[in-house]
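Chain residues, written in single-letter form:
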Amino acid sequence: MKRGATSLSCLIGVQKPSGCSSHDVVSALRRASGERRVGHTGTLDPFASGVLPLMVGPACRLDAFMVGHSKVYDVCIAFGYATSTADIEGEIIERAPCSEQLLQRSFATELLQSFVGVQQQQPPAYSAISVGGTRAYVLARKGVDVCIPKRTIEVYSARLLGCEQRIFSGFPHAVTTWNVRFHVSKGTYIRTLAQDIGKRAGCCAFAAELTRVRAGSIKLDQCVPLEQLSSINADKPIPGMLDPVQALQFPVIELSSQQLTRVLCGNELLLHTCSVIDCDSHGKPAPESAHAAAGASESVCVSAGMSVLASAHASVPRYYSLVAYTNGARVLQAVYKGADDNPYLRAQCVFAQGVRCT
């Protein structure tokens, strides 16, 4: 089928398999749907697997509002070796003896807790970061010395899931490993965390396995294997379709017919004339106490457009998901922005067609 513009406008959660790039997944969905406008909300390394939200059709315009969400990863950290890419696919560049205390849960837990908090992280040379208009990994493969500035990231939690000895192909001996669940801010490289943990443990380490189990509010069990998306049609149920209202996690405004007319023209709305609903992780109204309790939870995602490291402040803009009913179907019609010192909400992104909700 020749790719072109279709009537598809939705979010789809894919379980990216290990061994392919995020772009490979995008290309596969383009072929399956016939829709050329397909994008993802955050690159997963080829060796990694897990949650990869895809935007299809006009829904690609939601990218700017979704990339700021926090992520949760399960990683297997292997000690005693360092690789050129800080993961299992790189060449071994260093070996170091490991202390027996690496298999002690108390030692592992204490060391992991020392990584919780705001910190400066050096992104790896083998990354998708653009350096002078070229992806860093392209330069690194050519032997170019890549200099990427450090960035501020935050590790919200680091939970030890287990310690064990494992055997990996290409490694001569059993390797001491930690299985860890990290909840981190956007832009955090788990490979670099694994590398830094190895250094702090007195040896070296790399990420042997990596799975993204959550991206914002989107969980792994909401996503479908790539093979289930061999054919997609707007007139049929779409496997793995996600609710954009739930994914965005913005307060919701359900539009009246009069308001919908104004929104489709990109006009402002007066906030006090709108019925605003705060939503929980399921896209449903949630009591205020639930939001307060969520503050320390792993499931919390940080709203796009706000710094993942900033605390709430009255001057910070607030985004709203504007929802309407078209031909009996609930759709995300627009994203508007407001501020406490301004009574008006202004259009940031308006969908003539709307993005399908579940």
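Calculation notes
Residues numbered from 1 in each chain as written. Predicted model: local features only at pLDDT ≥ 70, side-chain atom pairs only at ≥ 80, totals over all residues. Heavy atoms only, no water. Helix = DSSP H or I, 4+ residues; strand = E, 2+ residues; numbered from the N terminus. Buried < 20%, exposed > 50% of the residue type's maximum accessible area, 1.4 Å probe, protein only. Contact = heavy atoms within 4.5 Å. Areas by Shrake-Rupley, 256 points an atom, 1.4 Å probe, with all protein chains shown as cover. Arc of directions from axis to C-beta. Core = buried A, V, L, I, M, F, W, Y, C linked by side-chain atoms within 4.5 Å. Pairing = 2+ DSSP bridges. Axes fitted to C-alpha atoms, helices over the stretch in contact; angles between N-to-C directions. Salt bridge = Lys/Arg side-chain N within 4 Å of Asp/Glu carboxyl O. Polar contact = N/O pair within 3.5 Å; in protein donor to acceptor, adjacent residues only side chain to side chain. Phe/Tyr/Trp six-rings, centres within 6.5 Å; stacked < 30°, edge-to-face > 60°.

## Structural notes on the overall build of the protein
Part 1 of the argument: For the protein, the count of helices and strands is eight helices and 21 strands.
Part 2 of the argument: Expressed as a percentage of the 358 residues in the protein, the buried residues total 49%.
Part 3 of the argument: Counting contacts in the protein only where the partners sit at least 6 residues apart, residues at least 24 apart contribute 71% of the total.
Part 4 of the argument: Total accessible area on the protein is roughly 16800 Å²; 49% of this is exposed by carbon and sulfur atoms.

## Brief notes about helix α5 (residues 190–200)
Part 1 of the argument: Within α5, burial applies to I190, R191, T192, L193, A194, I197 and G198.
Part 2 of the argument: In this structure, the buried residues of α5 make contact with β4 (71–79), α3 (105–113), β7 (117–121), β10 (151–166), β11 (175–184) and β12 (205–215).
Part 3 of the argument: Trailing α5 by a residue or two, G202 shows a phi angle of about 90°, which is positive.

## Thoughts on α3
Part 1 of the argument: All of the buried residues along α3 are F107, A108, L111 and L112. Across the axial projection of α3, the buried residues extend over an arc of 125°, all falling on one side. Exposed residues on α3 whose side chains face more than 90 degrees from its buried face are S106 and E110.
Part 2 of the argument: Where α3 is buried, its residues touch β10, β11 and α5.

## Re the nonpolar core
Part 1 of the argument: Counting 33 residues, the largest nonpolar core has I77, F79, W178, F182 and I197 as its most contacted members.
Part 2 of the argument: For this core, the elements supplying multiple residues, two or more each, are β4, α3, β10, β11, α5 and β12.
Part 3 of the argument: One finds A215, L242, F250 and L332 within the second-largest nonpolar core, a separate group that totals 24 residues.

## Here's the deal with the sheet that holds strand β17 (residues 269–270)
Part 1 of the argument: Read across the sheet, six strands follow the order β17-β21-β20-β19-β16-β18 without closing on themselves; strand pairing throughout is mixed. In this open sheet, the two strands that pair with only one neighbour each are β17 and β18 (276–277).
Part 2 of the argument: Summarising the sheet, strand β16 (residues 252–254) and strand β19 (residues 318–326) pair through three bridges and their orientation is parallel. Looking at the pairing, E254 lines up with V323 of β19.
Part 3 of the argument: Its contacts with the sheet place helix α7 (residues 257–264) against β16, β17, β19, β20 (329–339) and β21 (342–356), and it is angled at close to 70° to β20.

## Topic: the pattern of salt bridges
Part 1 of the argument: Taken as a whole and assessed by the stated rule, the structure comprises six salt bridges.
Part 2 of the argument: For R346, the salt bridge is made with E268, and the minimal N-O distance between the two is 2.7 Å. Of this pair, R346 sits in strand β21 while E268 sits in the loop between α7 and β17, and the two are 78 residues apart along the sequence.

## Some remarks on the pairing of β11
It is a general feature of regular strands that their side chains alternate between the two faces of the sheet.
Part 1 of the argument: Counted residue by residue, β11 has nine buried out of ten residues, so it is predominantly covered.
Part 2 of the argument: Bridge count between β4 and β11: eight bridges; the pairing is antiparallel. Bridge pairing links C76 to N179 in β11.
Part 3 of the argument: As paired elements, β10 and β11 share ten bridges and run antiparallel to each other. Bridged to Q165 within β11 is T176.

## Let's talk about the side chain of Q119
Part 1 of the argument: On the secondary structure map, Q119 appears in strand β7.
Part 2 of the argument: Engagement of the side chain of Q119 in a polar contact is seen with the backbone oxygen of G117, the distance being 3.1 Å.
Part 3 of the argument: Among residues more than four places away in sequence, those in contact with Q119 are R151, T152, I153, V155 and L193.

## Things to note about the pairing of β21
Part 1 of the argument: Both β17 and β21 contribute to a ladder of two bridges, which runs antiparallel. Its bridge partner lying in β21, L269 is registered against L345.
Part 2 of the argument: Judged from the seven bridges that link them, β20 and β21 form a sheet pairing that is antiparallel. Note on β21: the bridge partner recorded for K337 is R346.
Part 3 of the argument: Between β20 and β21, which pair antiparallel in sequence order, lie two residues.

## Re the environment of Y319
Part 1 of the argument: For Y319, the location among the structural elements is in strand β19.
Part 2 of the argument: Residues Y319 and Y336, 17 residues apart in the sequence, show an inter-C-alpha distance of 5.7 Å.

## Concerning the packing of aromatic side chains
Part 1 of the argument: Within the structure shown, the criterion is met by seven aromatic pairs.
Part 2 of the argument: Relative to F250, the ring of F65 lies with its centre 6.4 Å away and its plane at 90°, an arrangement referred to as edge-to-face. Here F250 lies in the loop between α6 (244–248) and β16 and F65 lies in helix α2 (residues 63–66), a separation of 185 residues in the sequence. Here F65 and F250 have matching classes, each one buried.
Part 3 of the argument: Ring geometry for F107 against W178: centres 6.4 Å apart, planes inclined by 70°, an arrangement best described as edge-to-face.

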